[in-house]
Amino acid sequence: MLPEAGNDHPLQRLCVRADKLPPSQHLAAVRLALEGHCEVSPLATPWSLHRDMESWRVDGLLLSRWSMSAARHERSQALADSGGNDWLLLRILQRGQQALCIDDRHHVTATTDTILLTDWSLSWACNSSECDLITVGIPRSRLSASKLLNRKIPALSWERNSAGGRQLATMVELLWQQLPTLDAASAHSVALGFVGFLDGLLGNHPLLLRAQYANTSRLAAMKFLLNEQLPDPELGVNTLCDHFGCSRATIYRLFEREGGVAAFIQRQRLHRCLRELVRGDQQTTASLDTLARHWRIGGVARLKHLLREHFGLDLHDVVAARAAALADRSGASTSLQLQLATAINRAIAEDSNAVTPDYPGPAAARAAPGAR
């Protein structure tokens, strides 16, 4: 489970040593660590951690460093409803890109040029290229401005080269470097300073200082309608005009931040298509072409182009990763998972000088929220 805010232990470390596990077990290790928080599907093969998977809990904050092959992380509505939602997640990419669809309608992209803060309580799906990133989980209760981040505005970003973005990135990087040397008192002070700075940035974010989004509810209703009718080949601006009785100019204005109605529909269809790719058994060109045409993508060539453009993913890698995952899962057993959990905890024990005695390993602690 997620660490509880207010736990008496201010500084704890968790590390899964990538070199202590066979590469074939890296994906299972990540799934084990994130079990109950999000599902992980490989989008490349062979799939592996590129460095140690490391997390620190600092006075209620959860800092994690991840480096891994391309993957899809998905927190379904069922998982969101199961609890563990009192978090905001800050992510800073050092390499790669991530495309998120939050609450099945909000699209955001994380790159090395941006810093992204998202609401963990909502359902989401994240398609990630091969990447390196640092994430910081902050309990919502620690940020007075967190009430501004909700279903209407589930994500905020800062340009990495902006004044606020540079300061925020520097604070996270310095905090990470200081972690091995912090004692309980300094950990509390450092965490308090970081949270205060982030709260100030959040409360003064331009998006949140604008008018109170009079059209937000109507826009959400329009997106819901589009999601319900994605297979319809005639879906578009006219659909919304007819259903909501408003002008094309109004539709264009409401969807300006989405890049237009057509762009929103295309991204939604791509997410649905990729979801079926990682869960289905599409292996042949014919079946891929059928899938692409069902979601009005156009065909395999178009699907390949759009996956590369939007997610930085190669279609053949995704298909191969699905085949490898199916083969691996068919041979998996409870015994293997128990062996894996034991191996992870043994790896942690061998590299745990900074871990408090009663802090559990990932099989028990579930290291999230992390790579998303």
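Details of the structure are given in the entry above.
Parameters at a glance
- Residues numbered from 1 in each chain as written.
- Predicted model: local features only at pLDDT ≥ 70, side-chain atom pairs only at ≥ 80, totals over all residues.
- Heavy atoms only, no water.
- Disulfide = S-S within 2.5 Å.
- Core = buried A, V, L, I, M, F, W, Y, C linked by side-chain atoms within 4.5 Å.
- Buried < 20%, exposed > 50% of the residue type's maximum accessible area, 1.4 Å probe, protein only.
- Helix = DSSP H or I, 4+ residues; strand = E, 2+ residues; numbered from the N terminus.
- Pairing = 2+ DSSP bridges.
- Axes fitted to C-alpha atoms, helices over the stretch in contact; angles between N-to-C directions.

> For this particular structure, what's the right way to read the state of the cysteines?
The term disulfide refers to a covalent linkage connecting the sulfur atoms of a pair of cysteines. Counted according to the given criterion, the structure contains 0 disulfides. The closest cysteine sulfur to the non-disulfide-bonded Cys126 is located on Cys131, 7.7 Å from its own sulfur.

> Whenever I open this one, the nonpolar core confuses me. Can you help?
Nonpolar side chains tend to gather and get buried jointly when the protein is soluble and globular. Judged by nonpolar contacts, the single largest core of 39 residues is most densely connected at Ile251, Phe255, Leu274 and Leu277. Elements supplying a minimum of two residues to this core: helix H6 (216-228), helix H7 (237-244), helix H8 (248-254), helix H9 (261-279), helix H10 (285-294), helix H11 (300-311) and helix H12 (315-330). For this core, the leading source of residues is H9, giving 8 residues. The next biggest cluster of nonpolar side chains, apart from the first, holds 34 residues, and it includes Leu11, Leu61, Ile138 and Val172.

> Where do I start with the sheet that holds strand E5 (residues 71-75) in this structure?
In a beta sheet, neighbouring strands are held together by backbone hydrogen bonds and run either parallel or antiparallel to one another. Spatial ordering of the open sheet is given by E2-E5-E10-E7-E8, a layout of 5 strands whose pairing is antiparallel. Two strands close off the open sheet at either side, each with one partner strand: strand E2 (39-42) and strand E8 (106-110). On average, each strand axis in the sheet is tilted by 15 degrees relative to the strand beside it, whichever way the strands run. In the sheet, E2 pairs with E5 via 4 bridges, with the strands oriented antiparallel.

> Just to check I follow, could you spell out helix H1 (residues 26-34) for this structure?
Since the α-helix turns once every 3.6 residues, residues separated by three or four places project in the same direction. Extensive coverage of H1 is indicated by the burial of 8 of its 9 residues. Buried within H1 we find His26, Leu27, Ala28, Ala29, Val30, Leu32, Ala33 and Leu34. In the segment just after H1, Gly36 is the residue with positive phi, at about 90 degrees.

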